[in-house]
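Structure assessment
This is what each chain is made of:
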Amino acid sequence: MINLRPLSRNDFFLVKEFISQGRRYQNTLGFEQWLEGYPSDDLLETDFSLQRGYIIEVDDEEAGYVVIDLNGDPEYDRLSQIWTHKGRYAVVHRLVLNDRFRGRGLATALIGVIEEHIMRHGISIVRFDTGIKNVPMQRLLTRCDYDCRGSYAFIWGERLAYEKLLPCT
């Protein structure tokens with residue numbers, strides 16, 4: 001069973017380890033999306049204080065980290081012309097699984113859990129961005145019916161933008 005637990009300050013070291021594992025995995029695939037030192041303590045503190053950071057638990061084991069920002073993202077707003085759907089949206093950042101959980105076929109189910117969390121908050125639009133060379137994430141988002149909106153220059157680099165309309169009531 002996949003669960004999202006709100007980030008605590010005690011989780012910062014764990015999150016940094018997950019990100020470090022994700023960075024090493026990216027390197028084995030021939031790209032680097034997360035630079036060394038990312039995320040900073042200040043960014044994790046912001047994730048914590050804004051209540052947008054979550055530890056991913058699988059059968060009560062800490063399996064990864066994700067940011068679900070129910071208030072959107074100013075950078076996505078700056079690029080408002082790229083999005084199909086208008087209105088309140090959630091954005092997902094820093095999705096990473098612990099090495100022990102990668103390759104188990106959990107990612108599609110995890111996206112479903114993230115979408116359910118977003119829908120419980122009455123939001124029906126979800127947006128992601130990912131690196132041009134991050135083929136595993138591109139495949140996951142395509143498999144989960146996200147629409148690729150193209151490649152755009154975000155302040156954090158050239159990324160593919162993805163969007164999905166959820167069946168919210």
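One can find the structure itself at the top, above this paragraph.
Below is a short write-up of the structure. (Residues numbered from 1 in each chain as written. Predicted model: local features only at pLDDT ≥ 70, side-chain atom pairs only at ≥ 80, totals over all residues. Heavy atoms only, no water.)

**Description of the packing of helix α1 (residues 12-28) against helix α2 (residues 41-49)**
Running from amino to carboxyl end, α1 crosses α2 at an angle of 115 degrees, the nearest separation of the two axes being 11 Å. When the axes of α1 and α2 are compared, the crossing they make is right-handed. For the pair α1 and α2, contact is made by Phe12, Val15 and Lys16 and by Asp41, Leu44, Glu45 and Phe48, respectively. When the residues that make up the contact of α1 with α2 are grouped by side-chain class, the tally is 4 nonpolar, no polar and 3 charged. (Axes fitted to C-alpha atoms, helices over the stretch in contact; angles between N-to-C directions. Helix = DSSP H or I, 4+ residues; strand = E, 2+ residues; numbered from the N terminus. Left-handed = near helix turned anticlockwise from the far one by under 90°. Contact = heavy atoms within 4.5 Å. Nonpolar A, V, L, I, M, F, W, Y, C, P; charged D, E, K, R; others polar.)

**Some details on the pairing of strand β2 (residues 53-58)**
Counting buried positions over the 6 residues of β2 gives 6, a clear majority of the element. On β2, burial covers both faces: Gly53, Ile55 and Glu57 on one face and Tyr54, Ile56 and Val58 on the other are all buried. As paired strands, strand β1 (residues 2-6) and β2 are joined by 5 bridges and run antiparallel to one another. Along β2, the bridge assignment pairs Ile2 with Val58. Where β2 and strand β3 (residues 61-69) come together, 6 bridges link them in antiparallel fashion. Its bridge partner being in β3, Ile56 is matched across the sheet by Gly64. Count of turn residues in the β2/β3 antiparallel hairpin: 2 residues, of which Asp59 carries a positive phi of about 50 degrees. (Buried < 20%, exposed > 50% of the residue type's maximum accessible area, 1.4 Å probe, protein only. Pairing = 2+ DSSP bridges.)

**Side note on the pattern of salt bridges**
Any two side chains of opposite charge can pair, so long as their charged atoms come close to each other. Across all of its chains, the model carries 16 salt bridges by this definition. The salt bridge involving Lys16 is made with Asp41; its shortest N-O contact spans 2.6 Å. Taken together, the residues Lys16 in helix α1 and Asp41 in helix α2 connect sequence positions 25 residues apart. One connected set of salt bridges, linked through shared partners, spans Arg5, Asp11, Glu57 and Glu62. (Salt bridge = Lys/Arg side-chain N within 4 Å of Asp/Glu carboxyl O.)

**Section: unusual backbone geometry**
Notably, Asp60 is not glycine yet its phi reads approximately 65 degrees, a positive angle. Its place among the elements puts Asp60 in the loop between β2 and β3. The exposed category is assigned to Asp60, whose relative accessible area is 72%.

**Some thoughts on the sheet that holds strand β7 (residues 157-165)**
Strand order across the open sheet formed by 7 strands is β1-β2-β3-β4-β5-β7-β6, with mixed pairing between neighbours. Looking along the sheet, the strands with just one partner apiece sit at the ends: β1 and β6 (147-154). The sheet shows a mean angle of 30 degrees between the axes of neighbouring strands, direction not considered. Running over the sheet, α1 touches β2, β3 and β4 (90-97) and is turned about 90 degrees from β3. Sitting on the sheet, α2 is in contact with β2, β3 and β4, with an inclination near 80 degrees to β3.

**Overview of the environment of Glu75**
On the secondary structure map, Glu75 appears in helix α3 (residues 74-78). Among the residues examined, Glu75 registers a relative accessible area of 6% and is labelled buried. For the pair Glu75 and Phe154, spaced 79 residues apart in sequence, the C-alpha to C-alpha distance is 6.9 Å. With sequence-adjacent residues up to four places away left out, Glu75 is seen in contact with Ala153, Phe154, Ile155 and Trp156.

Without other data, these values stay purely geometric and don't point to any function.
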